[in-house]
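Architecture at a glance
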Amino acid sequence: MKKNIPSLISALCLFSLSSAVELEKLPIYSAYKSESPQDTVTSPFIIISEEEINEKKPISFTDIIKNKSGISFTRNGGIGQTTSLYIWGNKTENTVLLIDGIRINDVTSIGYNPLYEHILVDNFNKIEIIKGVQSGVWGADAVGGVINISTQKIKDGFNVLLDGMYGSFSTRKYRISTSYGGKKFKIMLNAVHFKTSGISSAEPKKTDPNYGKRWDDLGWERDPYRNDTVTLKGIYNITDRDKISITFINIDAVTHYDASAGVDAKDYDDPFGYGVSEYFNHTSQKFYKISYNRKTGKHDLNLKWTKSDINHSHYGGYEGKNTEINFSDKLKYKNGFLVIGVSRQDFKNTKSAGVNLNKRYHSTGYYLTNVTNLWDFLISTSIRHDSYSVFKDKTTYKLGFKKSIDRTFFISSNYGTGYKVPTIFQLYGFAGNESLNPENSIQYDISIGTKSFYVTYFNYSIKNLIDYDFNIKKYNNLPGKTKIKGYEIGYRKYINSIRSYININYTSLDTKDSKGNKLLRRPDEKIGFEFIFYPTDSINIGIYGEYIGDRKDLGNINTGNYSVFDSFINYNFSKNVELYLKIINITDKYYQTVSGYATAGRSIYGGLRLQW
């Protein structure tokens, strides 16, 4: 494929996406744990704006991120099935996922994986993706990067939004959002109901003679999915400088799935002859945040309490909680700013696979970030010390710089250390190992570019990698180092003369474990492409998608070498009424992101949105 890359890129330059909004004006929170201008951020990042979300009308979280540079994903079937996301080739659990500053990583899972499959994107105002090691700011888990999602801001006055969508596989989504914004008090309630009959989670593997036949041609059953998400936000302005904010998010989802890769199963079934098992899971996630903010003089003080409460019904049940208290101060000075803070996190896993585990540990972190700009030479330094109740203390750091030339060209670089602590499951679960040590990472990157064009090179070295060891039949720190390196190239521009926005990117990835083997399920190459045409002020038409190169899965099966195209059209009858149509997998491409698990063929969705 590599010899065809130049011609493919030339062809795809006809495509791309995004809104004409000036993205550079949106602030970023996740880079320094404080809202900061984009030109103060040295790490490579992606911002997905509210305008882009509204244009694409994403069905799932992967729908909005799949064509972004440096990011790939896999999913064990259709919407609602287990989803893994890889930033620069890192494990999915090596990313910190936040919604309104609340950690969403699942404390009951093997690796504290974020549950991307249950995130409905409708109520989001902005998605930030910071790439590279960020442990110097966020502590453990932030090895691949940080994703911070902001829910919609509360507008002034009384506002109502109604949205209804229907489409393939009897998929339907209904949303109601109502809010009131006054001078002293603001409140918003958003509720989304999503339900689909879905597709079969499993399909034949490449080694099966039936590979290439879709699940319905084989008579395999559907695996439905249902998700009800409610978000409540409130803000009380005590004074012009003091405010209290609250956020509550409740995600209630039911996923039906199959027995394993390439093996179909009903809800109650015995496909292996070991006895009847349940093949569905009820997930309940509740997230809470209470925060106090005071701005006085050059100081921006924040006190925040958050809690995650997660329960799963399958395999006898999983229950866990994560709480965090964080205090920080952002001090502005003439040529920059300083962020200093302390946080306390408590992790508790009450039940694991039906066993009353009742294990917990806690950590206390102290962090400091300084960002200084001298003669258009930006220097960022972050350092963090974490003290754990069950591990040795750990200090991590990140150094970055960015140099602007004539305010049009830039060069930037970052060097940082990171770590990933063992989870409660890896320590105390049925295959646990209490002698596990944290993973340690060193990462650096260098970028050059302009506002329209960029090139980034990145490099990781990871030791003490935690994985399941078949020799001792439990989790273990594997010897040697895991190496990840690669580069990404991107071009994006809004062209006034043709009222269009184009965006194309290419990512090359080279991964090797300690034995020299490729890391599974990461594509060697990826191209993301987007194009939006605005023929009038009331219509926008878009096409976007991705090309995936070679991708190795279990059994040395290649699940890559395919392209998928999606499209949309939005028509605004007025500022209050919008009609939209969306097509996923336009060419009806047959492919698998995970060997033995299905993907949907051509799917069509349409909807109506009313707001006033």
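Please refer to the structure higher up on the page.
A brief look at the structure comes next. (Residues numbered from 1 in each chain as written. Predicted model: local features only at pLDDT ≥ 70, side-chain atom pairs only at ≥ 80, totals over all residues. Heavy atoms only, no water.)

Comments concerning the nonpolar core
Among soluble globular proteins, nonpolar side chains are generally buried collectively. Among the nonpolar cores identified, the biggest contains 35 residues, and Phe61, Ile65, Leu85, Ile127, Ile129, Ile147 and Ile149 are the most heavily contacted of them. Contributing elements (two or more residues each) for this core: β1 (45–49), α3 (61–65), β3 (83–87), β4 (95–99), β6 (124–131), β7 (145–151), β12 (242–256) and β24 (453–463). Those residues within four positions of Ile129 in sequence are excluded, and the remaining contacts are Pro44, Phe45, Ile46, Ile65, Ile71, Ile87, Val146 and Ile147. By size, the runner-up hydrophobic cluster in this structure holds 18 residues, among which are Val107, Phe391, Leu427 and Ile466. (Core = buried A, V, L, I, M, F, W, Y, C linked by side-chain atoms within 4.5 Å. Buried < 20%, exposed > 50% of the residue type's maximum accessible area, 1.4 Å probe, protein only. Helix = DSSP H or I, 4+ residues; strand = E, 2+ residues; numbered from the N terminus. Contact = heavy atoms within 4.5 Å.)

A few points about the side chain of Asp141
Secondary-structure assignment places Asp141 in the loop between α4 (135–138) and β7. Judged by its relative accessible area of 5%, Asp141 is buried.

Quick look at empty space enclosed by the protein
Any empty space left between atoms is shown by rolling a water-sized probe over those atoms. Per the stated rule, a full pass over the model turns up seven cavities of 30 Å³ or more. Quantified by volume, the largest cavity comes out at close to 390 Å³. For the largest cavity, the lining is made up of 28 residues, of which Arg75, Gly78, Ile79, Ile584 and Ala600 are closest to its centre. Of all the secondary structure elements, the ones that give two or more residues to the lining of the largest cavity are α3, β2 (71–75), β33 (562–572) and β35 (603–611). Broken down by class, the residue content of the lining of the largest cavity amounts to 10 nonpolar, 12 polar and six charged. In this structure, the second largest cavity encloses a volume near 120 Å³. Lining the second largest cavity we find 14 residues, and of these Leu120, Phe124, Thr229, Thr231 and Ile249 sit closest to its centre. Of all the secondary structure elements, the ones that give two or more residues to the lining of the second largest cavity are β10 (185–196), β11 (225–237) and β12. Residue composition of the lining of the second largest cavity, grouped by class: seven nonpolar, six polar and one charged. (1 Å grid on protein atoms, 1.4 Å probe; cavity = no way out; pocket = protein on both sides within 12 Å on 5 of 7 lines; lining within 4 Å. Points joined across faces, edges and corners; volume = space filled by probe spheres on them. Nonpolar A, V, L, I, M, F, W, Y, C, P; charged D, E, K, R; others polar.)

Some details on the packing of aromatic side chains
The relative placement of two aromatic rings is captured by the distance of their centres and the angle of their planes. If you walk through the whole model with that rule in mind, you get 29 aromatic pairs. When the centroid spacing of 5.4 Å and the interplanar angle of 85° are considered together, the rings of Tyr211 and Tyr590 count as edge-to-face. One end of the pair, Tyr211, is in the loop between β10 and β11; the other, Tyr590, is in the loop between β34 (577–584) and β35, and 379 residues separate them in sequence. Members of the aromatic cluster, each reached through a chain of ring pairs, are Tyr112, Phe347, Tyr361, Tyr388, Phe391 and Tyr419. Over the ring of Phe337 we find Lys330, and its NZ or CZ is 4.4 Å from the ring centre. (Phe/Tyr/Trp six-rings, centres within 6.5 Å; stacked < 30°, edge-to-face > 60°. Lys NZ or Arg CZ within 6 Å of the ring centre and 35° of its normal.)

Topic: the pattern of salt bridges
Taken as a whole and assessed by the stated rule, the structure comprises 31 salt bridges. When the shortest N-O distance is used, the salt bridge between Lys321 and Asp309 registers 2.9 Å. With Lys321 in strand β17 (residues 318–333) and Asp309 in strand β16 (residues 299–312), this pair connects stretches of sequence that are 12 residues apart. Taking the relative accessible area as the measure of exposure, Lys321 reaches 32% and is therefore partly exposed. Assessed through its relative accessible area of 14%, Asp309 is described here as buried. (Salt bridge = Lys/Arg side-chain N within 4 Å of Asp/Glu carboxyl O.)

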